[in-house]
Amino acid sequence: MSNLIAPSILAADFANLQRDIEMVNNSEADWFHIDIMDGVFVPNISFGMPVLKAIATHAKKTIDVHLMIVDPDRYIQTFADLGADVLTVHYEACTHLHRTIQAIKAAGMKAGVALNPHTPIAVLEDIIADLDVVCIMSVNPGFGGQSFIENTYKKVSQLKHLIEFAKSDCQIEIDGGVTSKNANALIEAGANVLVAGSFVFKSDDPTTTIADLKAIVG
Ligand code: DX5
Ligand code: ZN
């Protein structure tokens, strides 16, 4: 399985969104990571459907939507219609997670589950075989630009073992505080999709920063 870089559009320049989307299109990046926040599940509001619709009009790569919202079942079909390829919900936001995952797949998308930093990997034991992606949050969700939580490495190896035990081909995505300093160690631990927001978009040359990350992760 190749290792992927997913720039997080949360850190883009919203006044020049089309320019930043084209930059990602023309870079070595693999996915667009799109953060949807509702101000309830997390203490921040990002952007909603009209903005995702505009992004999808220009994006030429996989659209990876990370829902940080309560009761995400309400919007599964909406995100499918908007062009999401991967739809990730939070474990902590889903009472009937199995049903939610089946609904995401039935709508034609790959299904992901994100875990907050305090949520143990073990809670996924009975759902791992149904998942396409597990997103381990390496910061508390809600904001870009936070510091990477070191306990993440341990969780990546635990998840890698769980995936191998289940003989699943689920991908391990890391979200929050990813930089060129921790990228290699995350891949070594078993991750294969790295989300990077601030590190890419706040750099002097985002295209080169993406290429550098891609060279590190292989
Ligand atoms: C945080 C979001 C992340 C965020 C990552 O809640 O889920 O995707 O954009 O940003 P950085 O890479 O700046 O930590
Ligand atoms: Zn995210």
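Everything that follows concerns the structure shown earlier in this document.
Residues numbered from 1 in each chain as written. Chains lettered and ligands numbered in written order. Predicted model: local features only at pLDDT ≥ 70, side-chain atom pairs only at ≥ 80, totals over all residues. Heavy atoms only, no water.

Asker: Account for the pattern of salt bridges, with residues named and values stated.
Answerer: Enumeration according to the criterion identifies 6 salt bridges in this entry. The partner of aspartate 20 in a salt bridge is arginine 19, with the nearest N and O atoms 3.1 Å apart. Between aspartate 30 and lysine 214 there is a salt bridge, with its nearest N and O atoms 2.7 Å apart. One end of the pair, aspartate 30, is in the loop between helix H1 (17-25) and strand S2 (31-37); the other, lysine 214, is in helix H8 (residues 206-217), and 184 residues separate them in sequence. (Salt bridge = Lys/Arg side-chain N within 4 Å of Asp/Glu carboxyl O. Helix = DSSP H or I, 4+ residues; strand = E, 2+ residues; numbered from the N terminus.)

Asker: Residue-level account of the sheet that holds strand S6 (residues 133-137), with values.
Answerer: The strands making up a sheet associate through backbone hydrogen bonding, with each pair oriented either parallel or antiparallel. In space, the 8 strands of this open sheet follow the order S1-S8-S7-S6-S5-S4-S3-S2, with parallel pairing throughout. The strands lining the two open edges of the sheet, one partner per strand, are strand S1 (4-7) and S2. This sheet shows a mean twist of 25° between the axes of neighbouring strands, independent of strand direction. Note: strand S5 (residues 110-115) against S6, 4 bridges, orientation parallel. When the sheet's bridge partners are listed, valine 113 is paired in S6 with valine 134. The strands that helix H4 (residues 97-106) touches are strand S4 (86-90) and S5; relative to S5, the one it contacts most, it runs at about 145°. (Pairing = 2+ DSSP bridges. Axes fitted to C-alpha atoms, helices over the stretch in contact; angles between N-to-C directions. Contact = heavy atoms within 4.5 Å.)

Asker: Can you lay out the site of ligand 1 for me, pointing to particular residues and giving the numbers?
Answerer: Near ligand 1, the surroundings consist of 20 residues, among which Ser8, Asp35, Gly142, Asp175 and Ser198 are the closest. Contact distances for ligand 1 include 2.7 Å between an oxygen atom and a side-chain N or O atom of aspartate 175. In the complex, the protein chains occlude 99% of the 380 Å² of accessible area that ligand 1 would expose alone. Those elements that provide at least two residues to the shell around ligand 1 are S2, strand S3 (62-68) and strand S8 (193-196). (Near = heavy atom within 4 Å. Polar contact = N/O pair within 3.5 Å; in protein donor to acceptor, adjacent residues only side chain to side chain. Areas by Shrake-Rupley, 256 points an atom, 1.4 Å probe, with all protein chains shown as cover.)

Asker: Explain unusual backbone geometry to me, and be specific about the residues and the numbers.
Answerer: In terms of backbone geometry, most residues other than glycine have negative phi values and most peptide bonds are trans. For aspartate 71, which is not glycine, the phi dihedral falls at a positive 50°. Within the secondary structure, aspartate 71 sits in the loop between S3 and helix H3 (76-82).

Asker: Residues and numbers for the coordination of the zinc ion (ligand 2), please.
Answerer: Taken together, the protein ligands of the zinc ion (ligand 2) are His33 (NE2), Asp35 (OD), His66 (ND1) and Asp175 (OD), with distances of 2.0 to 2.3 Å. What the 6 donor atoms of the zinc ion (ligand 2) show is an angle range of 71 to 169° at the metal, which sorts the shape as octahedral. Mapped onto the sequence, the residues coordinating the zinc ion (ligand 2) show the spacing H-x1-D-x30-H-x108-D. Within this pair, whereas aspartate 35 is found in strand S2, its partner aspartate 175 is found in strand S7 (residues 171-175), the two being separated by 140 residues in sequence. (Donors = N, O, S within 2.8 Å, 3.2 Å for Na, K, Ca; no water. Tetrahedral: all angles 85-135°; square planar, octahedral: opposite > 155°, others 65-115°.)

Asker: If you had to explain the packing of aromatic side chains to someone new, which residues and values would you point to?
Answerer: Counted under the stated rule, the structure contains 2 aromatic pairs. Judged by centre distance (5.7 Å) and plane angle (90°), the rings of phenylalanine 14 and phenylalanine 47 are edge-to-face. Of the two residues, phenylalanine 14 is situated in the loop between S1 and H1 and phenylalanine 47 in the loop between S2 and helix H2 (49-58); the sequence distance between them amounts to 33 residues. On the accessibility criterion, phenylalanine 14 (44% relative accessible area) is partly exposed. Between phenylalanine 148 and tyrosine 153, the ring centres sit 5.3 Å apart and the planes meet at 55°, which makes this aromatic pair tilted. (Phe/Tyr/Trp six-rings, centres within 6.5 Å; stacked < 30°, edge-to-face > 60°. Buried < 20%, exposed > 50% of the residue type's maximum accessible area, 1.4 Å probe, protein only.)

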